Amino acid sequence: MHRLLSGDPEVRAALAERFGANVICPEGADREAIGRIVFNDPDQLEWLEALLHPKVVQEHAAWRQELAQRLDPPAVSVTEVPLLYETGGERRFDVVVVVTASPEVRAARRPVLDTREERLIPDDEKLRLADYSYVNDGTLEELDAFVAGVMSKLAP
């Protein structure tokens, strides 16, 4: 999605038309400025998601196809999808791994409050739905161990 915001001329033009030229910067789109607009206005967020989500799905499908056509395709490919369950995207994947954190840890990592989390399904439901899950309140070493364990099961 970040690449679309910075590199897709159609997306940048639509953003400038909708939000004003001030949301466009030399790097493409000013994600912080756009975030201030959309994460506090459900209609603007809905518009942005309608613009971006189909493009994200299309790019992901093309990437997976490219991987599959390699002479030595990888055993596992990983895709980060923040709104996976909320958009029904889990149907596009063979396995879902959820990594979350307690509300306190998330608040410390992202001190700017907005309405992002209000749209998410509860963590306990995501953890229940996932094939593998981890609450990332510990150390980087503990997270690495969890990831290594999942990878050993997916690509023995």
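The structure displayed is predicted, hence computed values, not measured ones.

Quick look at the environment of Ala14 now. By the secondary structure assignment, Ala14 is in helix 2 (residues 9-19). A relative accessible area of 18% places Ala14 in the buried class. Sequence spacing of Ala14 and Leu67 is 53 residues, and the spatial spacing of their C-alpha atoms is 30 Å. Setting aside residues up to four positions removed in sequence, Ala14 forms contacts with Trp47 and Leu51.

Applying the stated criterion across every chain yields a total of two aromatic pairs. Judged by centre distance (5.4 Å) and plane angle (80°), the rings of Phe19 and Trp47 are edge-to-face. With Phe19 in helix 2 and Trp47 in helix 4 (residues 42-68), the pair connects residues that are 28 residues apart, well separated along the chain. On the basis of relative accessible area, Phe19 is assigned to the buried category, the value being 12%. Relative accessible area serves as the criterion here: at 22%, Trp47 is assigned to the partly exposed category. Here the aromatic rings of Tyr134 and Phe146 are separated by 4.8 Å at their centres, their planes lie at 15°, and the arrangement is stacked. Taken together, the positions of Tyr134 in strand 4 (residues 132-135) and Phe146 in helix 7 (residues 140-154) put the pair 12 residues apart, joining distant regions of the chain.

Procedures and definitions
Along each chain, numbering runs from 1 in the same order as the chain's sequence is written. Given that the model is predicted, a residue must reach a pLDDT of at least 70 before its local features are reported, and side-chain atom pairs must reach 80 or more before they are shown or counted; all residues, however, enter totals for whole chains, interfaces and linings. Excluding hydrogens and water, the side-chain values take into account all heavy atoms of the structure. By the criteria applied, helices consist of DSSP H or I runs no shorter than four residues and strands consist of E runs no shorter than two, each listed in order from the N terminus. Partly exposed describes any residue whose relative accessible area lies between the buried limit of under 20% and the exposed limit of over 50%, with all areas from a 1.4 Å probe on protein chains only and scaled to the type maximum. Residue contacts are defined here by distance: any two heavy atoms, one from each residue, within 4.5 Å place the two residues in contact. Paired rings are identified among Phe, Tyr and Trp, the last through its six-membered ring, by centres lying within 6.5 Å, and are further divided according to the angle between planes into stacked (under 30 degrees), edge-to-face (over 60) and tilted (the rest).

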